[in-house]
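# A closer look at the structure
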Amino acid sequence: MNAIARAIDALNEGFGRLIAPLLAVITLIVIYDIAARFFIGRPSDWAFDVTKMLFGAHFMLMAAFGLRHHAHVEVDVLKRLLSRRKQATLELLGYLLFFVPFIWMLLTFGWAFFERSFSRGETTYGMMSIPVYPVKGVIVVAAVLLLLQAIAIVIRAFGELRKEAAA
């Protein structure tokens with residue numbers, strides 16, 4: 001089971017490291033648009049829409065990486081006071097009762113959101129018609145990655161409970 005958790009960690013670590021530089025691309029596009037506005041007197045027709053979509057994709061795709069590194073908000077004040085066994089139990093309950101159902105809903109509704117956008121060939125409303133469905137598809141990918149990371153956390157919590165029971 002620990003091999004599965006390590007494989008999920010490696011997947012999200014690699015994916016996070018692959019997606020992280022996208023922020024530099026977004027920054028370059030913004031700088032280009034500012035320079036065009038300043039020097040030419042006219043911003044590009046596409047930069048705002050592209051940066052908005054890329055930032056949304058970056059935010060969603062980095063969520064599992066953040067979860068892997070405990071970068072999300074947790075209520076550690078109370079959790080630190082508990083024994084390791086109680087911490088593992090709390091983590092199991094939290095993920096199984098709240099996190100996994102939320103991610104399942106994100107997957108279900110995210111897929112419908114993507115599917116509807118794809119079937120209609122949805123595009124942006126600006127001067128340039130940029131397809132929107134790839135970014136909406138990112139919601140599904142992010143939900144899968146988050147669900148996998150939650151599974152890795154649950155596996156570790158079960159392992160902690162088994163270790164404590166054996167001791």
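Residues numbered from 1 in each chain as written. Predicted model: local features only at pLDDT ≥ 70, side-chain atom pairs only at ≥ 80, totals over all residues. Heavy atoms only, no water.

### Focus: a nonpolar patch on the surface
A contiguous nonpolar surface patch, about 430 Å² in accessible area, is contributed by Tyr32, Trp46, Met127 and Met128. The topology assignment puts Met127 in the loop between helix 6 (84-120) and helix 7 (133-166). (Patch = residues over 30% accessible without salt bridge, like charges linked within 9 Å, V, L, I, M, F, W, Y side chains within 5 Å. Areas by Shrake-Rupley, 256 points an atom, 1.4 Å probe, with all protein chains shown as cover. Salt bridge = Lys/Arg side-chain N within 4 Å of Asp/Glu carboxyl O. Helix = DSSP H or I, 4+ residues; strand = E, 2+ residues; numbered from the N terminus.)

### What about the side chain of Ser44?
Here Ser44 shows up in the loop between helix 2 (22-40) and helix 3 (47-61). Classification of Ser44 by relative accessible area gives buried; the value is 17%. Apart from the residues lying within four places of it in its own chain, the contact partners of Ser44 are Tyr32 and Asp33. (Buried < 20%, exposed > 50% of the residue type's maximum accessible area, 1.4 Å probe, protein only. Contact = heavy atoms within 4.5 Å.)

### Remarks on the packing of aromatic side chains
Going through the model one piece at a time under the given rule, you end up with six aromatic pairs. When the ring of Tyr32 is compared with that of Trp46, the centres are 5.8 Å apart and the planes differ by 20 degrees; the resulting orientation is stacked. Of this pair, Tyr32 sits in helix 2 while Trp46 sits in the loop between helix 2 and helix 3, placing them 14 residues apart in sequence. The class for Tyr32 is partly exposed, based on a relative accessible area of 44%. Residue classification places Trp46 among the partly exposed positions, given a relative accessible area of 30%. Cluster of aromatic residues (ring-pair linked, three or more members): Trp111, Phe114, Phe118 and Tyr133. (Phe/Tyr/Trp six-rings, centres within 6.5 Å; stacked < 30°, edge-to-face > 60°.)

### Re helix 1 (residues 2-19)
A turn of α-helix holds 3.6 residues, and therefore any two residues three or four places apart point the same way. Between the first and last C-alpha of helix 1 there are 26 Å, a value that for 18 residues agrees with the 26 Å anticipated at 1.5 Å per step. Listing the buried residues of helix 1 in full gives Ala5, Ile8, Asp9, Asn12, Glu13, Gly16 and Ile19. Looking straight down helix 1, one finds its buried side chains confined to an arc of 135 degrees; they lie on one side. Helix 1 presents Arg6, Ala10, Arg17 and Leu18 as exposed residues on the side facing more than 90 degrees away from its buried surface. Elements in contact with the buried residues of helix 1: helix 2, helix 3, helix 4 (63-68) and helix 7. (Expected span 1.5 Å × (residues − 1). Arc of directions from axis to C-beta.)

### Some remarks on the environment of Leu28
In this structure, Leu28 sits in helix 2. A C-alpha to C-alpha distance of 9.7 Å links Leu28 and Thr51, two positions 23 residues apart in sequence.

### Overview of the packing of helix 1 against helix 7
As a packed pair, helix 1 and helix 7 sit with axes 9 Å apart at the nearest point and diverge in direction by 145 degrees. Seen from above, helix 1 lies across helix 7 with left-handed handedness. On helix 7, the residues that touch Asn2, Ile4, Ala5, Arg6, Ile8, Asp9, Leu11, Asn12 and Phe15 of helix 1 are Val141, Leu145, Leu148, Gln149, Ile151, Ala152, Ile155 and Arg156. Looking at the contact of helix 1 with helix 7 residue by residue, the classes come out as eleven nonpolar, three polar and three charged. (Axes fitted to C-alpha atoms, helices over the stretch in contact; angles between N-to-C directions. Left-handed = near helix turned anticlockwise from the far one by under 90°. Nonpolar A, V, L, I, M, F, W, Y, C, P; charged D, E, K, R; others polar.)

### A word on the packing of helix 3 against helix 7
At their nearest, the axes of helix 3 and helix 7 sit 9 Å apart, and the two run at 5 degrees to each other. Here helix 3 is positioned roughly parallel relative to helix 7, judged by the angle of their axes. Across the interface between the two elements, Met53, Ala57, Met60 and Leu61 from helix 3 touch Val135, Val138, Ile139, Val141 and Ala142 from helix 7. (Parallel < 35°, antiparallel > 145°, perpendicular 65-115°, else oblique.)

### Comments concerning the side chain of Glu160
Tracing the sequence through the fold places Glu160 in helix 7. Accessibility expressed as a relative area gives 14% for Glu160, which makes it buried. When near neighbours in sequence (up to four residues on either side) are disregarded, Glu160 contacts Arg84 and Ala88.

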